[in-house]
Amino acid sequence: MEAHTYICQAISYIQQHYREELSVPQIADVVGLNPVYLSRLFKLDTGKTLSEYLNCYRTECSLALLTDTADTIQSISQKVGYSDVRSYIRFFKKYYDVTPSEYRRGAVGK
């Protein structure tokens, strides 16, 4: 049960700070655990690494921006915490099988 509390704290921190530059050691420091130990607990509990969860959450948060704003892809990537637009596009395609631009065109076309 205690491990689940740490995971919940880590998820809450990610959800509140995903727009910022985040690292596993930083998240581990916030919840008060060793980064390697937190990573192991997180993977066992969620099935994802901390980095996978963060990237998945960031791309999920970008969906509304892609459909509800005319912001550029670069601007959206920065708003959800990516310093490099290429990373954002790569992760978005990994999770949604389309690029952010293709997603936007498909969503607008509906």
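From a predicted model like this one, the values you see are computed outputs, not experimental measurements.

**Q** What am I meant to see in the environment of Ser62 here?
**A** With respect to the helices and strands, Ser62 occurs in helix H4 (residues 50-68). Between the C-alpha atom of Ser62 and that of Ser77, which follows or precedes it by 15 residues, the distance is 7.5 Å. Non-local contacts of Ser62, meaning those with residues more than four positions away in its chain, are made with Ile76, Val80, Tyr88 and Phe92.

**Q** What exactly am I supposed to notice about helix H1 (residues 2-17) here?
**A** Along an α-helix, a turn takes 3.6 residues, which lines up residues three or four apart on a common side. The first and last C-alpha atoms of H1 sit 23 Å apart over 16 residues, in line with the 22 Å expected at 1.5 Å per residue. What H1 keeps buried is the set Ile7, Ala10, Ile11, Tyr13 and Ile14. The buried residues of H1 occupy one face: seen down the axis, they fall within an arc of 160 degrees. Of the residues in H1, the exposed ones pointing more than 90 degrees away from the buried face are Glu2 and Gln16. As for H1, its buried residues are in contact with helix H2 (24-31), helix H3 (35-46) and H4.

**Q** Please clarify how the packing of aromatic side chains should be interpreted in this entry.
**A** Aromatic rings in a pair are described by how distant their centres are and how their planes are angled relative to each other. Applying the stated criterion across every chain, the model contains nine aromatic pairs. With a centroid separation of 5.7 Å and an interplanar angle of 70 degrees, the aromatic rings of Phe42 and Tyr53 are classed as edge-to-face. Residue Phe42 is located in helix H3, and its partner Tyr53 is located in helix H4; the two are separated by 11 residues in the primary sequence. Here Phe42 and Tyr53 have matching classes, each one buried. Between Arg58 and the ring centre of Tyr82, over which it is positioned, the NZ or CZ distance is 5.3 Å. Sitting above the plane of the Phe91 ring, Arg90 keeps its charged end 4.9 Å from the centroid.

Procedures and definitions
Residues numbered from 1 in each chain as written. Predicted model: local features only at pLDDT ≥ 70, side-chain atom pairs only at ≥ 80, totals over all residues. Heavy atoms only, no water. Helix = DSSP H or I, 4+ residues; strand = E, 2+ residues; numbered from the N terminus. Contact = heavy atoms within 4.5 Å. Expected span 1.5 Å × (residues − 1). Buried < 20%, exposed > 50% of the residue type's maximum accessible area, 1.4 Å probe, protein only. Arc of directions from axis to C-beta. Phe/Tyr/Trp six-rings, centres within 6.5 Å; stacked < 30°, edge-to-face > 60°. Lys NZ or Arg CZ within 6 Å of the ring centre and 35° of its normal.

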